[in-house]
Each structure stands twice: as structure tokens, then as C-alpha cells.
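Coordinate analysis (summary)
Spelled out from the first residue to the last, the chains are:
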Amino acid sequence: MNIAVFVSGRGSNLHAILNSAELEALCRISVVCSDKLDCHAFQIAHQYNIPFFSVSESKKNGFVTFQMLPSIFAEKQIELIVLAGFLKLIPKDFIGTFPFKIINIHPALLPSFGGKGMYGNRVHEAVFKSSAKVSGATVHFVNENYDEGLIIDQAAVSIADANSAEEIAQRVLILEHALLPSVIAKIAQRKIEIKNNRVYLI
Ligand code: GRF
């Protein structure tokens, strides 16, 4: 299965997908896209010889537009689009072109601590301030609203003794690096079903 990974920054989830032993035989990252002209994740793509594109809603120097992506993805036979730390909202038309083919990882247990503006350390700060005792990571299908599509899988960790948002972020990131490859593996093996508006992993 050919996949496209969308990134905006560090790219540690991209790295985790690239280094997953389970995914080695199941899929290949054929393209990396970012809303930035340059970011650390692009350097990772470069190291692994993966073509990368900067993507924008409107025409700008050095960027392709979202309208151009379907033909690029068709040529590369992309079957799954993975948002791994991609900060921009995906345009509605683009989502309509790839129904149930776009997934996102969020660093908290949705439906709490998600939505517009809830990204990066802001999520962990909100979790810390709430005094929640558990946090985790969520992989979900992408719809037109931030962090709202059907939940595919989650992993949780106790944060009862955490002393800072940074500590929570570290614990959750470890979960993310295992959860995202495991969901991609299930999708690659067609071990996923949607029944009565719920997602089941088989
Ligand atoms: C991750 O915590 C991801 O869940 C969130 O943004 C962060 C990206 O980290 N959406 P990285 O770029 O994969 O290191």
C-alpha cells in the first residue's frame, strides 16, 4: 500500500512509520507533504529519498495546491493519507475526494482536548491544567472539522504523577509512535470495518 504522509514540523511520527518493522512489508511512504516550505520532517523525507511537496490552498511560489494533489496521488497510487503532525485544516473538497482514506493522529484522548487551536504543547498544557489522570493518543478519520472524525484507535497512559505538560507530552509521544504504525498496518491488511458508524479493528 502506498501512503502519503502530511507533516508540519519535527517529523518523529514520520520517522516512526519509516522505522516500523511491521510496516516494512506492508506499505511504502511514497510522498511527504507539508504546509511549510521547509521543516525537519522534509529532511527526514530527503534522507529516505521520498519525494516531498509543499502544499497550500492557493497558488504560491514553491507550493502545489490541494487541487493538484489528487492527480499526483493517482500517479503514485496513494491509498492512504496520514496526517502526522499536520497543522492546517484539510479542505473539504480534498476530503471528499478521499473518503475514509485520510487519518490523523492527535496527542490526547479525543473527543476531549481537541479542536481548532489544540495542537502541540497547547494540548498537553490543557490536559495538565485540567488535572486529568489519564492522557493518550487517538488516531481518527479526518472530516471537515478539526479532530472530529470517527475514532479508529486509542492508547492511554497514566499521568496521575506527571509534574508538567512536557512530561505528559513525552509519555504520549511514546504511545503515538506505536499507535500510528499499528493503525496503518491494520488498514494495509484490510483489518478494519465500519459498522453502525463505529470503527472496528479486526
Ligand atoms: C504529534 O504529537 C502529533 O500527535 C501532533 O503533532 C505532533 C507532531 O509530532 N498532531 P512529530 O512532527 O510527528 O514529531
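It should be noted that the structure appears before, not after, this text.
The text that follows walks through the structure, step by step, so that each part is easy to find. (Residues numbered from 1 in each chain as written. Predicted model: local features only at pLDDT ≥ 70, side-chain atom pairs only at ≥ 80, totals over all residues. Heavy atoms only, no water.)

Looking at the pattern of salt bridges
Any two side chains of opposite charge can pair, on the condition that their charged atoms come close. For the record, the criterion: When a carboxyl oxygen of Asp or Glu lies within 4 Å of a side-chain nitrogen of Lys or Arg, that pair is called a salt bridge. Under the DSSP-based scheme used, a helix requires at least four consecutive residues in state H or I and a strand at least two consecutive residues in state E, with every element numbered from the N terminus.
Enumeration over the complete set of coordinates arrives at five salt bridges. For Arg171, the salt bridge goes to Asp161, with nearest N and O atoms at 2.8 Å. Taken together, the positions of Arg171 in helix α7 (residues 165-188) and Asp161 in the loop between β8 (151-158) and α7 put the pair 10 residues apart, joining distant regions of the chain. The partner of Lys195 in a salt bridge is Glu193, and the shortest N-O contact between them spans 3.9 Å. Residues participating in the shared-partner salt-bridge network are Asp161, Glu167 and Arg171.

Notes on the sheet that holds strand β5 (residues 78-83)
The test is simple: In this description, strands pair whenever DSSP reports at least two bridges between them. Simply put, an axis is a line fit to the C-alpha atoms, just over the touching stretch for a helix, and the angle between two N-to-C directions goes from 0 to 180 degrees.
On the basis of which strands lie adjacent, the open sheet formed by eight strands has the order β4-β3-β2-β1-β5-β6-β7-β8 and mixed pairing. What marks the edges here is a single partner per strand, and that holds for β4 (63-65) and β8. Across the sheet, the mean angle from the axis of one strand to that of its neighbour is 30°, orientation sign disregarded.

A look at the layout of surface pockets
To keep it simple, the criterion reads: Detection works on a 1 Å grid of protein atoms alone, calling trapped sets that fit a 1.4 Å probe cavities and calling open sets with protein on both sides within 12 Å along at least five of seven lines pockets, with lining residues defined by an atom within 4 Å of a point. Grid points are joined across faces, edges and corners, and a volume is the space filled by probe spheres set on the points.
When its volume is computed, the largest pocket comes out at roughly 770 Å³. Lining the largest pocket are 37 residues, with Gly85, Phe86, Leu87, Tyr119 and Gly120 positioned closest to its centre. Counting residues per element, the ones that place at least two in the lining of the largest pocket are α1 (12-18), β6 (102-106), α6 (121-130) and α7. In this model, the second largest pocket occupies a volume close to 180 Å³. Contributing elements (two or more residues each) for the lining of the second largest pocket: β5 and β9 (192-195).

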